[in-house]
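Inside the fold
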Amino acid sequence: MKAQIITLLAAGLLISIRTTAQTATPDKYASGKITYEGMRQIDRSQMRTVINGQEVRPGSAGAPDAPEGMPEVMSFTQKLVFSGTMAKEERDRPQNMMMRRNREGDGSGNAGGPPRNMRMTPPFEQQTYLDLGNRKRIDVLTVKKDSTSQTTYRSENPMPTASDWQASDKTKKIAGFTCHKATATRRKQTYTIWYTTDLPFTYSPVSDLTPPTGVVLQIESDNESYKASSISTEAIAASAVQPPADAKSITSEEMEQMRRKSMADFRQRMMSSMPGTGRN
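Below you will find a few notes about this structure.

Criteria and thresholds
- Residues numbered from 1 in each chain as written.
- Predicted model: local features only at pLDDT ≥ 70, side-chain atom pairs only at ≥ 80, totals over all residues.
- Heavy atoms only, no water.
- Salt bridge = Lys/Arg side-chain N within 4 Å of Asp/Glu carboxyl O.
- Helix = DSSP H or I, 4+ residues; strand = E, 2+ residues; numbered from the N terminus.
- Buried < 20%, exposed > 50% of the residue type's maximum accessible area, 1.4 Å probe, protein only.
- Phe/Tyr/Trp six-rings, centres within 6.5 Å; stacked < 30°, edge-to-face > 60°.
- Lys NZ or Arg CZ within 6 Å of the ring centre and 35° of its normal.
- Pairing = 2+ DSSP bridges.
- Contact = heavy atoms within 4.5 Å.
- Polar contact = N/O pair within 3.5 Å; in protein donor to acceptor, adjacent residues only side chain to side chain.

As enumerated under the stated definition, the model contains 10 salt bridges in all. Across the pair R186 and E224 runs a salt bridge whose closest N-O atoms are separated by 3.1 Å. Here the residue R186 occupies a position in strand β12 (residues 177-186), and E224 occupies one in strand β15 (residues 224-233), the gap between them amounting to 38 residues. When its relative accessible area of 6% is taken as the criterion, E224 is described as buried. For E256, the salt bridge goes to R260, with nearest N and O atoms at 2.9 Å. Of the two residues, E256 and R260 are both situated in helix α2 (residues 252-272); the distance of 4 residues between them amounts to about one turn of the helix. Residue class for R260 comes out exposed when judged on its relative accessible area of 55%. One salt-bridge network, held together by shared partners, links R40, R186, D208 and E224.

Here the focus is the packing of aromatic side chains. Counted according to the given criterion, the structure contains 4 aromatic pairs. Arranged with centres 6.4 Å apart and planes meeting at 50 degrees, the rings of Y36 and Y203 form a pair that is tilted. On the criterion of sequence distance, the pair formed by Y36 in strand β1 (residues 31-41) and Y203 in the loop between β13 (189-196) and β14 (215-220) is long-range, its members being 167 residues apart. Of the two residues examined, Y36 and Y203, each falls in the buried class. Note on F76 and Y226: the rings are 5.5 Å apart at their centroids and 70 degrees apart in plane angle, and the pair reads as edge-to-face. Here the residue F76 occupies a position in strand β4 (residues 73-83), and Y226 occupies one in strand β15, the gap between them amounting to 150 residues. As far as the burial class goes, F76 and Y226 line up, both buried. The ring of W194 is capped by K172, whose NZ or CZ atom sits 4.6 Å from the centre of that ring.

Glancing now at the sheet that holds strand β10 (residues 150-158). In space, the 12 strands of this open sheet follow the order β11-β12-β13-β14-β15-β1-β4-β5-β8-β9-β10-β16, with mixed pairing throughout. Two strands in the sheet have a free side with no partner beyond their single neighbour: β11 (163-174) and β16 (248-249). Where strand β8 (residues 124-131) and strand β9 (residues 136-144) come together, 8 bridges link them in antiparallel fashion. Bridging from a neighbouring strand, E125 pairs with T142 of β9.

What is expected of a backbone is that most residues other than glycine have negative phi and most peptide bonds are trans. Unusually for a residue other than glycine, D164 sits at a positive phi of about 55 degrees. Mapped onto the elements of the fold, D164 is located in strand β11.

Secondary-structure assignment places S262 in helix α2. Given the relative accessible area of 10%, S262 is considered buried. The contacts of S262, once residues within four sequence positions are left out, are P123, F124 and V143.

Position of T202 relative to the elements: it lies in the loop between β13 and β14. Distance from T202 to R135, taken between C-alpha atoms, is 7.9 Å for residues 67 residues apart in sequence. Excluding its chain neighbours within four sequence positions, the residues that come into contact with T202 are L132, R135, M159, T210, P211, P212, T213, G214 and V215. Only 3.2 Å separates the side chain of T202 from the backbone nitrogen of G214, close enough to count as a polar contact.

Now the structure itself:
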C-alpha cells in the first residue's frame, strides 16, 4: 500500500514538473518586429527657412511660400524591434532641415535664377529604447562635435499613459490580432485608438497615447495616423535593443537644452558658411 502511495506521489510530482516546464516555455512573441505605416499633416508654422543667410518664419516679411512640390502630408514608417523585456524604436522620418537660398545675379542686372532648396543634416542623432518590463523610456542623444568625435547621453523617464482614456466594447482585427477601441486626448485633440491585449507587453507608437495595458496597433486623428502593417516573430539579438553602455546619464530637461543648443549652433554655422552672406 505504501509503495502504491509513493508511486502515485511520484507520478503526481512528475506531472507537476511537466506542467511547470510547459508554462515556463518562452512566449512565441518574445522577440520580433511591429511595423507601422504613418501619415502626418505638415505644420508649416513650424517650418524654418533660410534666405541669404537669414532665418525667417512663415508669415513674416520676406518669407517665401513653401517650396514648390512640397507635400501637404508626410508619410513614414516606424518599427518597434523587441527582444525579451527590451525594445527599440526605428524611424525612417527625414531628419534633415530645409534651407532656401536665393541665387546671385551676374552683376549685369540679370537675375541669378530661381531659389535653390537644400537639405542639411543636424549634428545629432536621437534614438528611443524601451524597458518594457519596468515601463520606462530611455532616450539617447548622440551629439557630433566633428567628423571624428561625438558624445552620447541618455535620460530615463516612466512610460507615459494616455489622459482621458475611454475604452469601448467595439473590436476589429488588425494584422491578425483582435483589437479593442478606445479614445484619448492629446494636445487638445481627440484620438481614436485600437489596441490588443494579445501581446506580452504594453506599447504605443505615440508615447502619450500608451494604454493602461496592451499594444496599440492603430491611431487616428484629424492630422496624423499610425497603423500596424505587419507583426513578425523573429530572432532579435538582445544587444540590438540595448542602449549604449557608455552613454552619460542626464535629465530629460538637460537633454532638451543640449539638443536646442546643438541645433542653434548648427544653424549659425550653416548660415555663416553660405556664399553671399558676408560671414564666410
